[in-house]
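Analysis of the macromolecular model
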Amino acid sequence: MCGIFGIISSDNNAPTSTYKGLLDIEYRGYDSWGVAFLKDNQFKIEKEIGFLPKDKTFESAEVAVGHTRWATHGGVTELNAHPHTDCDKKIVLVHNGIIENYLSLKKELIGHKLISETDTEIAVHLIEDEYRLTGDLKKAVSNVFKKVDGLNAFVVSNGSQIVAVKKGSPVVAGSAANGSIVASDPNAILPHTNKLLFLEDNDLIEIDKSGIKLFDAHTLLEKDVKYTDVDWKYQGADLADFPHFMLKEIYEQPKVLLALAENASAVTEIAEDIKKAYGTYFVGCGTASYACLTGVYLFSKIAHRHVNFSIGSEFTYIQDYIKKGSLVAAVSQSGETIDVVEPFQIAKRKEATLVAMTNVIGSTLYRMADKKLMLNAGPEKAVAGTKSFTSMVANMILLAYATAGDLKAGVEVLEKSAKEIEKVLEKADEIKALADKLHTSKNIYILGRGLSYPLALEAALKIKEISYIHAEGFAGGELKHGVIALIEKNTPVIVFVPNDETKHAILASAQEVKARGAFVIGIGEEETEVFDYFFRVADTGASSILPMVVFPQLLSYYLTVKLGLNPDKPRNLAKSVVVK
Ligand code: F6R
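Here is what the cut-offs are and how they apply
- Residues numbered from 1 in each chain as written.
- Predicted model: local features only at pLDDT ≥ 70, side-chain atom pairs only at ≥ 80, totals over all residues.
- Heavy atoms only, no water.
- Helix = DSSP H or I, 4+ residues; strand = E, 2+ residues; numbered from the N terminus.
- Rg over C-alpha atoms; globule rule 2.2 N^0.38 Å.
- Areas by Shrake-Rupley, 256 points an atom, 1.4 Å probe, with all protein chains shown as cover.
- Lys, Arg positive; Asp, Glu negative; His and termini not counted.
- Charge placed at Lys NZ, Arg CZ, Asp CG, Glu CD.
- Axes fitted to C-alpha atoms, helices over the stretch in contact; angles between N-to-C directions.
- Parallel < 35°, antiparallel > 145°, perpendicular 65-115°, else oblique.
- Left-handed = near helix turned anticlockwise from the far one by under 90°.
- Contact = heavy atoms within 4.5 Å.
- Nonpolar A, V, L, I, M, F, W, Y, C, P; charged D, E, K, R; others polar.
- Near = heavy atom within 4 Å.
- Polar contact = N/O pair within 3.5 Å; in protein donor to acceptor, adjacent residues only side chain to side chain.
- 1 Å grid on protein atoms, 1.4 Å probe; cavity = no way out; pocket = protein on both sides within 12 Å on 5 of 7 lines; lining within 4 Å.
- Sits in = over half its atoms within 2 Å of the grid points.
- Domains from an automatic or database assignment.
- Buried < 20%, exposed > 50% of the residue type's maximum accessible area, 1.4 Å probe, protein only.
- Pairing = 2+ DSSP bridges.
- Points joined across faces, edges and corners; volume = space filled by probe spheres on them.
- Right-handed = clockwise from strand over helix to strand, strands pointing away.

**Overview of the overall build of the protein**
When helices and strands are counted, the protein shows 17 helices and 25 strands. For the protein, whose C-alpha radius of gyration is 25 Å, the value lies close to the compact-globule estimate of 25 Å for 580 residues. Across its three principal axes, the protein shows a C-alpha extent of roughly 80 × 50 × 45 Å. Of the accessible surface of the protein, which amounts to about 22400 Å², a share of 49% is contributed by carbon and sulfur atoms. Averaging the coordinates of the 64 positive side-chain charges in the protein and doing the same for the 74 negative ones gives two points 1 Å apart.

**As for the packing of helix α7 (residues 253-262) against helix α12 (residues 387-403)**
One can describe the packing of α7 onto α12 by two numbers: an axis separation of 10 Å at closest approach and a directional angle of 25°. By the criterion of interaxial angle, the relationship of α7 to α12 is roughly parallel. Viewed along their axes, α7 and α12 form a crossing whose handedness is right-handed. In this structure, α7 uses Q253, V256, L257 and L260 to contact α12, whose residues at the interface are K387, T390, S391, A394, N395 and L398. Looking at side-chain class alone, the contact of α7 with α12 contains 5 nonpolar, 4 polar and 1 charged residues.

**Comments concerning the site of the ligand**
For the ligand, the set of nearby residues contains 15 residues, the closest of which are S332, Q333, S334, T337 and E465. Separating an oxygen atom of the ligand from a side-chain N or O atom of S334 is a distance of 2.7 Å. A distance of 3.4 Å separates an oxygen atom of the ligand from a polar backbone atom of V383. Protein chains bury 89% of the 400 Å² of accessible surface belonging to the ligand in isolation. With respect to the pocket detection grid, the ligand is positioned in the second largest pocket. Every element with two or more residues in the shell around the ligand is listed here: α9 (287-303) and α15 (452-467). In terms of residue count, α15 provides more of the shell around the ligand than any other element does, 3 residues in total. Across the shell around the ligand, the residue classes break down as 6 nonpolar, 7 polar and 2 charged. Viewed by domain, the shell around the ligand spans two of them, domain 2 (242-425) and domain 3 (427-572), each represented by three or more residues.

**Description of the pairing of strand β12 (residues 203-208)**
For β12, the tally of buried residues reaches 5 of 6 residues, placing the bulk of the element in the interior. Inspection of the sheet shows strand β8 (residues 162-167) paired to β12 by 5 bridges, in the antiparallel sense. From the neighbouring strand, K166 faces β12, where its bridge partner is D203. Alignment of β12 against strand β13 (residues 211-216), held across 6 bridges, turns out to be antiparallel. Bridge assignment links L204 to a residue of β13, and that residue is F215. Remark: 2 residues form the turn of the hairpin made by β12 and β13, two consecutive strands paired antiparallel.

**Points about empty space enclosed by the protein**
Empty space among the atoms can be located by rolling a probe the size of a water molecule over them. A complete count under the given rule lists 2 cavities of 30 Å³ or more for this structure. Here the second largest cavity is characterised by a volume of approximately 50 Å³. V497, N499, K503, L507, G522, I523, G524, E525, E526, T528, F531 and F534 are the residues that line the second largest cavity. Within the residue set of the lining of the second largest cavity, elements represented by two or more residues are α16 (503-515) and β24 (519-524). With 3 residues, β24 is the largest single contributor of residues to the lining of the second largest cavity. Residue composition of the lining of the second largest cavity, grouped by class: 5 nonpolar, 4 polar and 3 charged.

**Observations concerning the pairing of strand β18 (residues 326-332)**
In terms of burial, β18 is a largely internal element, 7 of the 7 residues being buried. Burial of β18 is two-sided: the residues S326, V328, A330 and S332 facing one way and the residues L327, A329 and V331 facing the other way are all buried. In terms of strand pairing, strand β16 (residues 279-284) meets β18 through 5 bridges, oriented parallel. Along β18, the bridge assignment pairs Y281 with V328. In the sheet, β18 pairs with strand β19 (residues 353-358) via 6 bridges, with the strands oriented parallel. Bridging across to β19, A329 finds its partner in V355. A crossover links β18 with its parallel partner β19, the connecting element being helix α10 (residues 338-349), and its sense is right-handed.

**Describing the layout of surface pockets**
Within this model, the second largest pocket holds a volume of roughly 580 Å³. Residue lining of the second largest pocket: 27 residues in total, with C285, G286, T287, K575 and V577 positioned closest to the centre. Put simply, the parts of the chain that give the lining of the second largest pocket at least two residues each are α9, β18, α10, α12 and α15. Sort the elements by how many residues they give to the lining of the second largest pocket and α15 lands first, with 3 residues. Split into classes, the residues belonging to the lining of the second largest pocket amount to 13 nonpolar, 9 polar and 5 charged. A domain-level breakdown of the lining of the second largest pocket finds at least three residues from each of domain 2 (242-425) and domain 3 (427-572).

Structure (structure tokens):
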């Protein structure tokens, strides 16, 4: 989702640094971009629809702000792209979030020239009025911030200062040898410094040549700046020898699993909390929600314990039974997903214990949580989650085994599944050949039962979100309740057949779709005559879902490439969904 970068640079290289910063956060997803820098007392703005061009050069300047926009208010046009300016091009502003009361605020603007359809542009003109009155940029920004409803981050510059303020949307700053920087993502600051200042909600920072000052955004009382020394490595656009990040990240999965297995004791404390909790609720969105649902099956099967699961955006409607003593675990790769942050806020108000299962140290969920369980999957740049899903499920497996008092067994199944994933990866060409055959399909259906039901949902999401082929996952048992009406001659149906208690029932489901003419693709340990195509994945016990998920990951990847699309940047999607 929208990315923000701003710098006051001591080497007069601010526009180029900003452009590079935007490249570092472009994985978040965007549809237009812009960079503004001061030239002859006015801001010059370069904006374009589409992706940042490679190897673009800029003039030199001391101050610049930039933005990657994911359209919310107003279509994808150059005029709507950020940065936006005041009437005289003396102030620029970039924004992440939604100004909920922008229509009423617009009425306060008299005699201003607005050129875009965005809510954002209103803010810069309001700041223009306030700046004229106060002559103090931080006061002007604070006054406007106080009027604005919604979750928003603004970065504003008058050419000599940058002021940033936030509520909801993430903002990080850093003080480096080549200047002071503000961004929406630590990865854009890491090339400059590892000392980061994570802004809390209602924090405001003022950056000038002398450095960074921190204030309360409402009272403007100065606060101490406390930098966090992070030991993360900068992750540039390093594809190694892979054509896309998604493929690279799929291939990293065995390594991720082995590292989690090695550090399995990390789950012990949280497993103890789960045992003591009044009730445990796993909350996540999209791919993470399917990992949460996997948790329900795993805890039942392994620990004989009921845990609850909710999609983040639905949590509000089922939160009434959360109370002190409940444990709410937010499962999120980015740690920023607004639909998970809000449940966490509710749970906090109710004094539940908060656990963050996230991949990003210092993220919003990480900072809100009482306890953290890191996914340790390494940075995930492709929009589609792959290794993060694997890590979420692996952590669920370890938690369930630890809760059952047999963590060693959890480690063993993870090690087994890492080996089996290697074998699946060795057969990637077979999956590519299948993608060549299926890429013209209009619909693909996926069936699973038990633990393979969330797997079927995840498989369908992977296929549809990057290849745009319609795909749906179903519980095999639902077929006769309506779904079977969709099956026509040659409809591809993927069926997950692990060697567990679901095997016979799911094979019966496979027979039912086959009888209606489906092209049945079986994934499992044993080939049977019902399959028109078979891909072998050895059973690894409770972790069988892990090697099996690699099949739809690779299938969706190869379908997408065959269709001439970019699997790393699917249309309309953002890696980090920070607005509602
Ligand atoms: C799909 C995908 C999304 C995310 C969802 C939650 O491949 O990646 O569905 O899983 O947006 O994101 P996080 O895990 O960052 O909260």
